[in-house]
Amino acid sequence: MSDNIAVRMAPSPSGFLHVGAARTAIFNYLFARHHGGKFIIRVEDTDEKRSSEEMIQAILEGLKWMNIDWDGEIHFQSKRFDVYREHALNLLNDDKAYYCYCTPDELNEKRQKAQKEKRTFLYDRKCRDLSDEDRAAMDAEGRRKVLRIKMPIEGEGSFDDVIAGTLKRDYRELDDWIIMRPDGRCTYNFCCVVDDHLMGISHVIRGNDHITNTFKQVVTYDALGWKRPVFAHIPLILGKDKSKISKRHGAVSVTEYRNQGIFPETLFNFLSLLGWNPGDDREIMTRDELIEAFRLERISPRNAVFDPVKLEWMNSEYIRRMDDNELLDKARWSLIEAGLTTRLSIESHWKWHLRVVQLLKERVKTLNDFPRMARYFYTDEFDYDEKGQKKHFFKEPDDSLDMLKRFRDELSRVGDDFRQDEIEAALRGLSEKMHIKPALLIHPTRLAVTGMTGGPGLFELMELLGKEKCLQRINRAIEYIQQKPD
RNA sequence: GUCCCCAUCGUCUAGUGGCCCAGGACAUCGCCCUUUCACGGCGAAAACACGGGUUCGACUCCCGUUGGGGACGCCA
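Bear in mind the structure is a predicted one, so any value in this text is a computation, not a measurement.

**Topic: the pattern of salt bridges**
Scanning the model with the defined rule gives 41 salt bridges in all. Here lysine 110 makes a salt bridge to aspartate 124, at a shortest N to O gap of 2.7 Å. With a gap of 14 residues between them, lysine 110 in helix H4 (residues 104-116) and aspartate 124 in the loop between H4 and helix H5 (132-141) connect regions that are remote in the sequence. For aspartate 124, a relative accessible area of 41% translates into the label partly exposed. A salt bridge links aspartate 421 to arginine 419, with the nearest nitrogen and oxygen atoms 3.0 Å apart. Looking at arginine 419, the relative accessible area reads 37%, which means it is partly exposed.

**A short note on the protein's contact with RNA strand B**
The environment of RNA strand B is formed by 58 residues, the closest being Thr46, Arg144, Arg302, Glu362 and Arg363. Backbone sugar and phosphate groups make up 74% of those atoms of RNA strand B lying within 4 Å of the protein. In this structure, a phosphate oxygen belonging to RNA strand B sits 3.0 Å away from a side-chain N or O atom of arginine 111. Within the backbone of lysine 244, one N or O atom sits 3.3 Å away from a phosphate oxygen of RNA strand B. With 4 residues, the single largest contributor to the surface near RNA strand B is helix H11 (residues 308-321). The residue inventory of the surface near RNA strand B, partitioned by class, reads 19 nonpolar, 15 polar and 24 charged.

**With respect to the pairing of strand E4 (residues 97-100)**
Going residue by residue along E4, you find Ala97 and Tyr99 tucked away on one face and Tyr98 and Cys100 tucked away on the opposite face as well. By the bridge criterion, 4 bridges tie E4 to strand E5 (residues 146-149) in an arrangement that is antiparallel. By the bridge assignment for E5, alanine 97 is matched with isoleucine 149.

Calculation rules
Residues numbered from 1 in each chain as written. Chains lettered and ligands numbered in written order. Predicted model: local features only at pLDDT ≥ 70, side-chain atom pairs only at ≥ 80, totals over all residues. Heavy atoms only, no water. Salt bridge = Lys/Arg side-chain N within 4 Å of Asp/Glu carboxyl O. Helix = DSSP H or I, 4+ residues; strand = E, 2+ residues; numbered from the N terminus. Buried < 20%, exposed > 50% of the residue type's maximum accessible area, 1.4 Å probe, protein only. Near = heavy atom within 4 Å. Polar contact = N/O pair within 3.5 Å; in protein donor to acceptor, adjacent residues only side chain to side chain. Nonpolar A, V, L, I, M, F, W, Y, C, P; charged D, E, K, R; others polar. Pairing = 2+ DSSP bridges.

As structure tokens, this is what we get:
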């Protein structure tokens, strides 16, 4: 019923997938899938100076990582100049465009003059009404020429936008812009119209920084006798200081979030909720739920600030809901990369590593938190937390030493399978004998065994570490306290 | 500067004239749970930018001010 729905993402090759572009892609994707329409990718590389294969690959990789799939082949505008030229020339034949012989230098001079006089620069249409003789003379001189479209000189242009409503603009603020360069390559605004029409794009969903372009583009549709698509200009993503998000705001490319240990599902979910909401209180939503709920009309017209803190929270929600085995499968790489373990170890001792992940699952926000918080499971090389040692080792060093030594001796009597209930019984038994609260024993022990003041339950953590490791680390702490001159 | 857009808690937002002395989420702060850290539970603080209208009644409609953003290329 809606098989005539088609949308596109039109990235210009910038070298990486920006979160703003990613969110535009997501909205297009969600809209297409909701309606069972097509989602096309068209690379806007008409300016070959600024394009390269690597840059395009980076963008495509970002999309693939977020599992955003597109329909059909990827289109490259750089391969379609002939098509654009043909339509540009049609406009010339229909007297809806004309050749302009003004040089960039002349134009720049006028532009600067206008700037100095605090006027908006608009092309003065010097060449719009050149006579055939004038043109012939210029051509005879071999002067370079561009093709400009004839925009209405006065009156009001307008178009309907799903998000912003009816937008109007006085034609006196728009000039006859260039549609084709001297070498026959057409420019963005023109190529965009031609492609959107030829590719059957029904809805143009893009950033609202394109609104000015749209006034130019709708005139082009009309001049070509083509039906306008539906426009939906989505608000921009802002940084913390409320200016358009950029590198100085921290991470802007999806790759950076991947490197920070954020799941693609999280970023997808988070970005889809920036400027849009399903109309109820849901926030953690599966892709299918998002597709089902997505409505263009519910996109807010307001710019939105990107909040990385909420992104991390959302990621922690995904972690907690994830199956343990799957989580280990994802976390293993950061553990390996941090040099804490090896692929072989994880594969051959899956159950043990799985236990590590289970103990940390409730406490991490990103995949990168695993190596940080699991260090002591993998290596003896860790320092004691600064505040922790002051409080649990050196506040009453003699007491700490006494407790640690007595607990060590209790522990050595626990069976070699070192079950957590037995460890706990040993500790609580000792605390009773000493007439002290268990916590007084627990804190120094935790610090001795993990170097940290927080973490998973002490007894389950010790069981996983094993008897030998625990005794060894407690002894090490005892020496550490004895050696430290106070 | 000109033009366009926007304006609810710090942030993301709900709200389309009475249901709102404004609801949810993140963050913050308390309390509970607890060996710690988290999780979880309960609770607190926190917003309709301002000024005029319209209306019996405005967060919701209109105008203006202020603030913010964007666009002003032979870039996309």
